[in-house]
Each structure stands twice: as structure tokens, then as C-alpha cells.
Amino acid sequence: MIRGVTGLSNEVVDNVFLFIAAISVFMLVLITFLMIYFTFRYRRKRNPQPEDIRGNLWLEILWTVIPTLLVLSMFYYGWTGFRSLKKIPEGAFKVKVAARQWSWLFEYENGVKTEELMVPVGKPIHLLLTSQDVIHSFYIPAFRVKQDAVPGMVAPLWFKAGEVGTYDVLCAEYCGRQHSYMLARVKVLSEEEFNRWYEGKGKELQMERARGLPRGPQLLQEKGCLVCHSLDGAPRIGPTLKGLFGKSVIVLKDGKEQKVQANDAYLKKSLIEPNAEIVKGFPPIMPSQKGLISEEEINELVRYMKELK
Ligand SMILES: [Cu+2]
């Protein structure tokens, strides 16, 4: 048990785990003991003539019934635990979680988006998991919860953090080359601190929207572009976005090399149909933003990319 971490899902999972582990250890000890005992007890020196031992009804009943009960009790605890993990308490605090190659995005009901999951302590948190590309798996070891995020599906998950602190979030489904980048954090705050953060962020967002501030840098972060693209000239998984506008780029189109000008149309197309023209020397793995991005966001991103000289 990880010290200092308690919560409903922890108790449920830990109890089942300990129960099964205890039975397993008991069986291991018992079987090992009997094995060693029988090798001595029935060794050849003491029993030069092999004996023909016929069935024993009571023994057979015993060793059928006891293991059956043990296994059924494991099933019972597992099943009731599973049910309570699946039953989301009413009034739980909702957060949408989007998984994508290779980052997580958390979206709260007031529209605020973050890359770290912020939650209040002691309150049930209801996560709604989706994936924008391949199958990922949302995993918080400290809270004993794990759930696949599958494209085209919303998977629910809930937990309750017992103590204030910072805990790891991992992706538990191998999802491509930079799978390990999907290490994020859950920050558990006291209720008061959380409310202050939540309301502050909400107001900030409203103000930004009202003023229509350029959101380029924030969009790049929010849409997860910076996992694969740098702004400083160094290639990452994809080419750098620095100085891209106006450059001539060698791309593979239908398998043939071509030179194209990186103009507005090219930048837009790179977002919506990234695999129509693949930049030479890079793998065709950029996830299409189709359906994930608004016209206004595309325009803002293109505007910002043009500024990255
Ligand atoms: Cu993943």
C-alpha cells in the first residue's frame, strides 16, 4: 500500500488484492509442505513395494468443495469491488479526459483545459475518457484505477483522492513511439484551494474569450502539437514549426517527391489532412485534427505559425 493515499477505490482494490494474495500464499505453503512431507514419508526405502491406493470419497469431496468455495469467494469480492468501482456516485465532479498521441488533456465543466488533472480532495471525481487516435489507457496507480480510452467511445471512471498531494498518471497501453511521454500528474488540492483555482481559471478564460486575445501559443499546447513539433528550429517527431511559412518543403504525395510552398493553404491542409503530403524524412504519423478543431482555431494556428520566424 502506498502510504498516505486512501480513498474508496484504494480500499476496494487493496482488500481484494490482499484477500487473493493471502489465499495464494496459504495454498503455496500448504502444497509445498505436503510435497516435501510426501517425498519423505513415501520414500522408496520405507516403501519398497509400491502400494495401490484406491479413491477416498471424503477426501475427494473435500478437495473439490474447499477450492470451489475459495475461488467463488475470490470471485464474489472481485465482483462486488468491480461493481463499486463502476458505480459512479451522484454529484461527482466531472472532468473530460482526451487521450492522444502523446499527451492528456483535461477539460472541466467551466471550459478550462489543463494538462495536469486538478481535483479537490475527498470528493468523488467522474472522468469521461475518450481517445482522439489510438487506444490509450488512463492509469493512476496511487488511486488503483485504470481504464482504456478508445476512439469513438466515452468510457467512465471514478475515484476519490483521500489526501492532498501530487500523483502520477500513466498511459498503460502501448500507443506508439512516444508512449512514455504520456506521464502526467494529478494534483489533489484542499477543497478551498481547489475552488480558488477553479474559479480563478474560469474567470481568466472568460476574460480571454471576451477580449478575443490571440491564442496561438496556448492552442499549440492544448492541441498537443508541441509533443511532436518544436518552435526553436530543432526537429522532434515532426519538423520544427519555426520558419516554416514561406519555405519550400519537399513532400511525398502519392509516393512521389514534390516541392511545395508552405503557404496558408499548405498549413491548413497539414492540420486536416496531414497524410496527403508527407514531409520527406518524417514518418506519416501526425494525427489529423479533423473534427477536433474549429475553423477559428485553424485560422488562429495558421496566423501564429506564420509569426514563427
Ligand atoms: Cu497512450
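Residues numbered from 1 in each chain as written. Predicted model: local features only at pLDDT ≥ 70, side-chain atom pairs only at ≥ 80, totals over all residues.

1. So, the overall build of the protein chain
Counting secondary structure elements, the protein chain contains six helices and 13 strands. For the protein chain, the C-alpha radius of gyration of 28 Å lies well beyond 19 Å, the compact-globule estimate for 309 residues. In terms of overall dimensions, the protein chain has a C-alpha envelope of 95 × 55 × 30 Å along the principal axes. Classification of the 309 residues of the protein chain by burial places 18% in the buried group. Nonlocal contacts in the protein chain, meaning residues at least 24 apart in sequence, comprise 66% of its contacts between residues at least 6 apart. (Helix = DSSP H or I, 4+ residues; strand = E, 2+ residues; numbered from the N terminus. Rg over C-alpha atoms; globule rule 2.2 N^0.38 Å. Buried ≥ 20, exposed ≤ 12 C-beta atoms within 10 Å, placed from the backbone. Contact = placed C-beta atoms within 7 Å.)

2. Brief notes about the sheet that holds strand β13 (residues 278–279)
Read across the sheet, three strands follow the order β12-β11-β13 without closing on themselves; strand pairing throughout is antiparallel. Unpaired on one side and paired on the other, β12 (256–261) and β13 mark the two borders of the sheet. Note: strand β11 (residues 248–253) against β12, six bridges, orientation antiparallel. Across the sheet, the residue bridging to L252 is E257, located in β12. (Pairing = 2+ DSSP bridges.)

3. Quick notes on the domain arrangement of the protein chain
Segmenting the protein chain into domains produces domain 1 (8–86), domain 2 (93–211) and domain 3 (216–307). With centres defined by C-alpha atoms, the gap from domain 1 to domain 3 works out at 59 Å. (Domains from an automatic or database assignment.)

4. Re helix α3 (residues 191–211)
Structurally, the α-helix is built with 3.6 residues per turn, so residues lying three or four positions apart point the same way. Across its 21 residues, α3 extends 30 Å between first and last C-alpha, which sits within 8% of the 30 Å expected from 1.5 Å per residue. Here α3 lies mainly on the outside; zero of its 21 residues are buried. Directly after α3, the chain includes G212, whose backbone phi takes a positive value near 60 degrees. (Expected span 1.5 Å × (residues − 1).)

5. Overview of the nonpolar core
V97, A99, W104, L129, F138 and V169 are the most contacted members of the largest nonpolar core, which has 27 residues in total. If you list the elements that add at least two residues to this core, you get β1 (93–100), β2 (103–108), β4 (117–120), β5 (124–131), β6 (136–140), β8 (155–160), β9 (165–171) and β10 (184–189). Beyond its immediate stretch of four places on either side in the chain, V169 contacts W104, L117, F138, Y139, I140, A184, R185 and V186. (Core = buried A, V, L, I, M, F, W, Y, C linked by C-beta atoms within 7 Å.)

6. A look at the sheet that holds strand β7 (residues 145–149)
If you trace the five strands from one edge of the open sheet to the other, you get β4-β10-β9-β6-β7, paired in mixed fashion. Every interior strand has two partners, whereas the edge strands, β4 and β7, have only one. Averaged over all neighbouring strand pairs, the angle between strand axes comes to 25 degrees, with direction disregarded. Bridging between β6 and β9 involves two bridges; their strand directions are antiparallel. Of the residues in β9, the one forming a bridge with Y139 is L170. Packing against the sheet, α3 makes contact with β4 and β10, and its axis sits at approximately 130 degrees to β4. (Axes fitted to C-alpha atoms, helices over the stretch in contact; angles between N-to-C directions.)

7. Brief notes about the pairing of β1
Looking at chain direction, β1 and β5 are connected through seven bridges and run parallel. Note on β5: the bridge partner recorded for F93 is I125. Here β1 pairs with β2 via six bridges, running antiparallel. Paired with V97 across the strands is F106, a residue of β2. Counting the residues that bridge the hairpin from β1 to β2 gives two residues.

8. Side note on the environment of E51
Mapped onto the elements of the fold, E51 is located in the loop between α1 (8–41) and α2 (57–86). Here E51 falls in the exposed class, since 6 other C-beta atoms lie within 10 Å of it. A C-alpha to C-alpha distance of 19 Å links E51 and I36, two positions 15 residues apart in sequence.

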